[in-house]
Amino acid sequence: MRKKIVAGNWKLNNTVADSEALASAVAELATEVEGVNIVVCPTSVNLYPVKAKLNDSVALGAQNCYDKESGAFTGEVSAKMLTSIGAEYVILGHSERREYFGESNEFLKAKTDAVLAEGLVPLFCCGETLEQRESGIHFDFVKSQLTESLFHLSAEAIQDVVIAYEPIWAIGTGVTASSDQAQEMHKELRDHLASKYGQEVADKISILYGGSCKPANAEEIFAKPDVDGGLIGGAALKAEDFIAIAKSF
Ligand code: 13P
């Protein structure tokens, strides 16, 4: 059985006090959810205070980290620093980081290695633009993101990676991929993983969907056989909505 995961990406939102309140509310409601790994990913300055508000029902994740452990890299946060405050997950390669901060597949390969070496679970994001989908290159494009950043990993190491398919045209737009579109891409990615690592390994890797996922559409999307959960943006900023999504399996 693959791990079911619902992770909230809080992005650049919330003061410390806001984050603490949201974390407390999520932690309380999360005790009602069984069989789903619930993760919250606040901005880096809020990771430590949020951790103090969580319980065993909710894990902590970061939104990013650097590929170096320490040194003269002003403004960066390392994987070791994240584990030292109890983080278990880290989002890597979100389309916003790829677009606004120029993160390349090559850089994400190095970050993935750093994160795995520290025992953190990377939530590795991939996804195509609307133009790429309309021109029919979306499958090849997203598969190449996996190939270039992940396919150097051993069959053992790749099983510690969680993939999040987030079509860029669905992020923050209110337009979600249909459950069939999500399933189609997730199956394509699992087949791609199987072509490199074999079906048995591919079947162990959780693939999450992200992009305007909300309580009203999560159940249909999560019902698809290759969808193992969600990476949630806007709807994760309300504890009730976020937990309603986690209850959608
Ligand atoms: P929205 O759920 O706001 O569309 O954001 C999705 C996302 O980018 C999660 O990482």
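Chains are numbered independently. Their residues run from 1 in the order of the written sequence. For a predicted model such as this one, the threshold for reporting local features is a pLDDT of at least 70, and the threshold for listing and counting side-chain atom pairs is 80 or more; totals across whole chains, interfaces and linings nevertheless cover every residue. With hydrogens and water set aside, each side-chain value is computed from the structure's full complement of heavy atoms.

Caption draft 1: Spotlight on the packing of aromatic side chains. Only the six-membered ring of Trp is used, alongside the rings of Phe and Tyr, when aromatic pairs are assigned; centres must lie within 6.5 Å, and planes under 30 degrees apart are stacked while those over 60 apart are edge-to-face, with the rest tilted. Across all of its chains, the model carries 5 aromatic pairs by this definition. Judged by centre distance (5.5 Å) and plane angle (85 degrees), the rings of Phe-151 and Tyr-197 are edge-to-face. One end of the pair, Phe-151, is in the loop between helix H7 (138-150) and helix H8 (155-158); the other, Tyr-197, is in helix H9 (residues 179-197), and 46 residues separate them in sequence. No difference in accessibility class separates Phe-151 from Tyr-197, as the two residues are buried. On the numbers, 4.6 Å between centres and 20 degrees between planes, the contact of Phe-222 with Phe-249 is stacked. Of the two residues, Phe-222 is situated in helix H11 (residues 215-222) and Phe-249 in the segment after helix H12 (239-246); the sequence distance between them amounts to 27 residues. A 1.4 Å probe rolled over the protein chains alone gives each residue an accessible area, and that area as a share of the maximum for its type sets the label: buried under 20%, exposed over 50%, partly exposed in between. On the accessibility criterion, Phe-222 (5% relative accessible area) is buried. Elements are defined by DSSP. Helices are runs of H or I of four residues or more, strands are runs of E of two residues or more, and each kind is numbered from the N terminus.

Caption draft 2: Spatial organisation of the site of the ligand. By convention in these notes, a residue is near a molecule or strand provided one of its non-hydrogen atoms lies within 4 Å of it. The ligand sits among Asn-9, Lys-11, His-94, Glu-166, Ala-170, Ile-171, Gly-172, Gly-211, Ser-212, Leu-231, Gly-233 and Gly-234. The separation between an oxygen atom of the ligand and a polar side-chain atom of His-94 is 2.7 Å. Any pair of N or O atoms that falls within 3.5 Å is considered a polar contact. Within protein, one atom must be able to donate a hydrogen and the other to accept it, and sequence-neighbouring residues count only if both atoms are side-chain atoms. Taking Gly-234, its main chain carries an N or O atom lying 2.8 Å from an oxygen atom of the ligand. Only protein atoms enter the calculation, which uses a 1 Å grid: trapped sets of points that fit a 1.4 Å probe without letting it out are cavities, open sets showing protein on both sides within 12 Å along at least five of seven lines are pockets, and any residue with an atom within 4 Å of a point is a lining residue. For this analysis, a molecule is said to be in a pocket or cavity if more than half of its atoms are within 2 Å of the grid points defining it. Its atoms largely coinciding with the cavity grid, the ligand occupies the second largest pocket. Here the nonpolar group is Ala, Val, Leu, Ile, Met, Phe, Trp, Tyr, Cys and Pro; Asp, Glu, Lys and Arg are the charged ones; every other residue, Gly included, is treated as polar. Partitioned by chemical class, the residues of the shell around the ligand number 3 nonpolar, 7 polar and 2 charged.

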